[in-house]
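Listed below are the residues making up each chain.
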Amino acid sequence: GEDVEQSLFLSVREGDSSVINCTYTDSSSTYLYWYKQEPGAGLQLLTYIFSNMDMKQDQRLTVLLNKKDKHLSLRIADTQTGDSAIYFCAERMDSNYQLIWGAGTKLIIKP
Amino acid sequence: IAGITQAPTSQILAAGRRMTLRCTQDMRHNAMYWYRQDLGLGLRLIHYSNTAGTTGKGEVPDGYSVSRANTDDFPLTLASAVPSQTSVYFCASSPGLGETQYFGPGTRLLVL
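Reading the values: rules and limits
Residues numbered from 1 in each chain as written. Chains lettered and ligands numbered in written order. Predicted model: local features only at pLDDT ≥ 70, side-chain atom pairs only at ≥ 80, totals over all residues. Heavy atoms only, no water. Helix = DSSP H or I, 4+ residues; strand = E, 2+ residues; numbered from the N terminus. Buried < 20%, exposed > 50% of the residue type's maximum accessible area, 1.4 Å probe, protein only. Disulfide = S-S within 2.5 Å. Pairing = 2+ DSSP bridges. Axes fitted to C-alpha atoms, helices over the stretch in contact; angles between N-to-C directions. Contact = heavy atoms within 4.5 Å.

(A) The overall build of chain A, seen in detail. When its secondary structure is counted, chain A shows 0 helices and 11 strands. Going from N to C terminus, chain A has its helices and strands arranged as β-β-β-β-β-β-β-β-β-β-β. On the principal axes, the C-alpha backbone points of chain A span a range of 45 × 30 × 20 Å. Relative to its 111 residues, chain A shows a buried fraction of 41%.

(B) Representation of the state of the cysteines. With the rule as written, the count across this model stands at 2 disulfides over all chains. With its sulfur 2.0 Å from that of its partner, Cys22 of chain A forms a disulfide with Cys89 of chain A. On the S-S bond that ties Cys22 of chain A to Cys89 of chain A, the torsion sits near -65 degrees, and the link is left-handed. One end of the pair, Cys22 of chain A, is in strand S3 (residues 18-24); the other, Cys89 of chain A, is in strand S9 (residues 85-92), and 67 residues separate them in sequence. Among the residues examined, Cys22 of chain A registers a relative accessible area of 1% and is labelled buried. Residue classification places Cys89 of chain A among the buried residues on the basis of a relative accessible area of 0%. Across the disulfide from Cys23 of chain B sits Cys91 of chain B; the S-S distance is 1.9 Å. Judged by the torsion about the S-S bond (-70 degrees), the Cys23 of chain B/Cys91 of chain B disulfide is left-handed. With Cys23 of chain B in strand S3 (residues 19-25) and Cys91 of chain B in strand S9 (residues 87-94), the pair connects residues that are 68 residues apart, well separated along the chain. Residue Cys23 of chain B shares its accessibility class with Cys91 of chain B, and that shared class is buried.

(C) Layout of the sheet that holds strand S8 (residues 76-78) of chain B. Residue and element names in this part refer to chain B. The strand order S1-S3-S8-S7 describes an open sheet built from 4 strands, whose pairing is antiparallel. Each edge of the open sheet carries a strand with a single partner, namely strand S1 (4-7) and strand S7 (64-66). Recorded for the sheet is a direction-independent mean angle of 20 degrees between the axes of neighbouring strands.

(D) Highlighting the environment of Leu76 of chain B. Residue and element names in this part refer to chain B. Summarising the element assignment, Leu76 is placed in strand S8. By relative accessible area, Leu76 is classed as buried at 0%. Taking the C-alpha atoms as reference, Leu76 lies 4.8 Å from Val66; in sequence the two are 10 residues apart. With sequence-adjacent residues up to four places away left out, Leu76 is seen in contact with Met19, Thr20, Leu21, Trp34, Ile46, His47, Tyr64, Ser65, Val66 and Tyr89.

Right, dumping it as structure tokens:
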């Protein structure tokens with residue numbers, strides 16, 4: 001079946017850039033999403049990218065999409081303590097519009 | 001604007017008991033979803049509803065049922081809870097099926 005994979009943990013120093021990676025399997029997915037989950041809270045949409053785009057930038061966030069390799073990344077510039085959370089990658093299946101989720105990457109900020 | 005609310009926030013339940021998790025949205029979204037989140041597995045779709053009066057099965061529907069009597073409410077029922085249903089349950093909604101989803105705060109359920 002379709003699958004989305006992410007590393008479980010990423011540790012970065014405060015002020016550095018964080019790059020969270022994700023690979024997916026459905027080459028026909030039209031939308032790919034990044035959600036953020038802070039401790040004890042629900043998921044909030046961070047950003048999404050259409051499959052016909054290579055890059056999308058929104059303030060400190062940059063999303064890069066490599067369709068050939070089915071690789072999606074989220075870069076957070078100038079990482080702050082408030083960025084500490086779990087980041088989920090998800091692809092939308094065009095066959096049934098359901099989202100397939102990665103397991104989430106826990107971003108740990110070192111002072 | 002409340003968005004999506006879920007109740008209860010958390011619950012400890014004896015195995016074999018019946019439990020209904022409540023979800024209400026005030027955004028007039030047509031589509032609603034129930035997910036469970038388990039450590040290391042991400043989110044898995046239990047059931048969804050495209051519009052009031054219709055429901056569909058997700059990836060892990062067994063042991064759960066849903067109903068969608070109106071646009072705002074989408075309750076999830078565990079008819080006879082088992083320990084493997086210990087999880088965090090999230091309700092979500094979107095304007096239409098396949099559109100961007102917005103999540104509730106979650107319900108933490110422990111089945112003993």
